[in-house]
Amino acid sequence: MTIRSILLHPDPRLKKRADPVTEVTDDLRAAAADMLETMYDAPGVGLAGPQIGLMKRILVMDCIKDPEVAPRPMVLLNPVVSWASEATSVHEEGCLSIPEHFADVTRPAEVRVRWLALDGTEQEEHFAGLWATCVQHEIDHLNGRLFIDYLTPLKRQLITRKMEKLKRERARL
Ligand code: K1U
Ligand code: ZN
């Protein structure tokens, strides 16, 4: 398994819609394992294909943060929100592609999501709390949407300018 580099905003690949997974290949299984390793290493609770430059509809997540509770690594292919609650919740979000920036985002508090698992089986599950926030954040990545797209244009521009500066500084190293 390999820790992959995570693309930083702004990057055109983070603004593009990812393609559906049509076949579960050994390469895709290896990419899923790399994505989980990369997410745990970051550390983060989720990661989507486009964040490592893989333009496929694949996401990984594990929102278990309590070291006393067993981890629950999940790999979702072609995820679709089949139901969203009318009730919303506000959660402070971060993004591994926009490090050190956080903002409150309002989303449906609970969602049902359908997806294809790596073994080819159809799955459906109800998510609430951080799991619901995370799965929606990751599906947004698959649609080329970032959490800063929910902010005012002014706040988004401010964060984008800071990220451009960070990328220039990192490129000089
Ligand atoms: O997609 C990503 O960039 C990952 C992102 C997911 C996410 C976080 C918070 C709310 C919604 C979605 C992250 O994992 S940011 C890092 C983070 O939240 C975290 C890091 C260590 C422990 C717990 C959380
Ligand atoms: Zn993100």
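So, here is what we can say about the structure in this document. Since the structure is predicted, the reported quantities are computational estimates derived from the model, not experimental observations.

On to the overall build of the protein. For the protein, the count of helices and strands is 3 helices and 7 strands. In sequence order, the secondary structure elements of the protein are arranged as α-β-β-β-β-β-β-β-α-α. In terms of overall size, the protein behaves like a compact globule, its C-alpha atoms giving a radius of gyration of 16 Å where 173 residues would be expected to give roughly 16 Å. Referenced to the eigenvectors of the C-alpha coordinate spread, the extents of the protein come out at roughly 45 × 40 × 35 Å. When each of the 173 residues of the protein is scored for burial, the buried share is 41%.

Attention shifts here to the coordination of the zinc ion (ligand 2). Around the zinc ion (ligand 2), the protein contributes the donor atoms Cys 95 (SG), His 137 (NE2) and His 141 (NE2), at 2.1 to 2.3 Å from the metal centre. We note that the donor set of the zinc ion (ligand 2) lies within a single chain, spaced as C-x41-H-x3-H. Taken together, the positions of Cys 95 in the loop between strand E4 (88–93) and strand E5 (103–108) and His 141 in helix H2 (residues 129–142) put the pair 46 residues apart, joining distant regions of the chain. The exposure class assigned to Cys 95 is buried, which follows from its relative accessible area of 8%. Overall, His 141 belongs to the buried group, its relative accessible area being 1%.

Here we take up the site of ligand 1. The local shell around ligand 1 holds 14 residues, among which Val 45, Gly 46, Gln 51, Leu 96 and Glu 138 are the closest. Within the side chain of Glu 138, an N or O atom sits 2.6 Å from an oxygen atom of ligand 1. Here ligand 1 loses 83% of its free accessible area of 530 Å² to cover by the protein chains. At 4 residues, H2 tops the list of elements feeding residues into the shell around ligand 1. Along the lines of polarity and charge, the residues of the shell around ligand 1 split into 4 nonpolar, 7 polar and 3 charged.

The tally for this structure, following the rule as stated, stands at 9 salt bridges. With a shortest N-O distance of 3.1 Å, Arg 29 and Asp 26 are connected by a salt bridge. With a gap of 3 residues between them, Arg 29 and Asp 26 both fall in helix H1 (residues 26–41), about one helical turn apart. Overall, Arg 29 belongs to the partly exposed group, its relative accessible area being 36%. Two residues, Lys 165 and Glu 169, come together in a salt bridge whose shortest N-O distance is 3.4 Å. Here Lys 165 and its partner Glu 169 are both found in helix H3 (residues 153–172), 4 residues apart, which amounts to about one turn of the helix. When its relative accessible area of 46% is taken as the criterion, Lys 165 is described as partly exposed. Three or more residues are tied together by salt bridges with common partners; here these are Glu 93, Arg 107 and Asp 140.

What follows deals with the side chain of Thr 38. Among the structural elements, Thr 38 can be located in helix H1. Aside from chain neighbours lying at most four places away, what touches Thr 38 is Thr 2, Ile 3, Arg 4, Ile 6 and Leu 47.

This brings us to the nonpolar core. Met 61, Met 74, Leu 76, Val 113, Phe 127 and Val 135 are the most contacted members of the largest nonpolar core, which has 17 residues in total. Only strand E2 (58–61), strand E3 (74–84), strand E6 (110–116) and H2 provide two or more residues apiece to this core. With 6 residues, the single largest contributor to this core is H2. Each residue touching Val 135, except ones within four places of it in the same chain, is listed here: Leu 59, Met 61, Leu 76, Val 111, Val 113 and Phe 127. Core analysis: the next-biggest nonpolar cluster, separate from the first, contains 13 residues, Cys 95, Ile 98, Ile 148 and Met 163 among them.

Criteria and cut-off values
Residues numbered from 1 in each chain as written. Chains lettered and ligands numbered in written order. Predicted model: local features only at pLDDT ≥ 70, side-chain atom pairs only at ≥ 80, totals over all residues. Heavy atoms only, no water. Helix = DSSP H or I, 4+ residues; strand = E, 2+ residues; numbered from the N terminus. Rg over C-alpha atoms; globule rule 2.2 N^0.38 Å. Buried < 20%, exposed > 50% of the residue type's maximum accessible area, 1.4 Å probe, protein only. Donors = N, O, S within 2.8 Å, 3.2 Å for Na, K, Ca; no water. Near = heavy atom within 4 Å. Polar contact = N/O pair within 3.5 Å; in protein donor to acceptor, adjacent residues only side chain to side chain. Areas by Shrake-Rupley, 256 points an atom, 1.4 Å probe, with all protein chains shown as cover. Nonpolar A, V, L, I, M, F, W, Y, C, P; charged D, E, K, R; others polar. Salt bridge = Lys/Arg side-chain N within 4 Å of Asp/Glu carboxyl O. Contact = heavy atoms within 4.5 Å. Core = buried A, V, L, I, M, F, W, Y, C linked by side-chain atoms within 4.5 Å.

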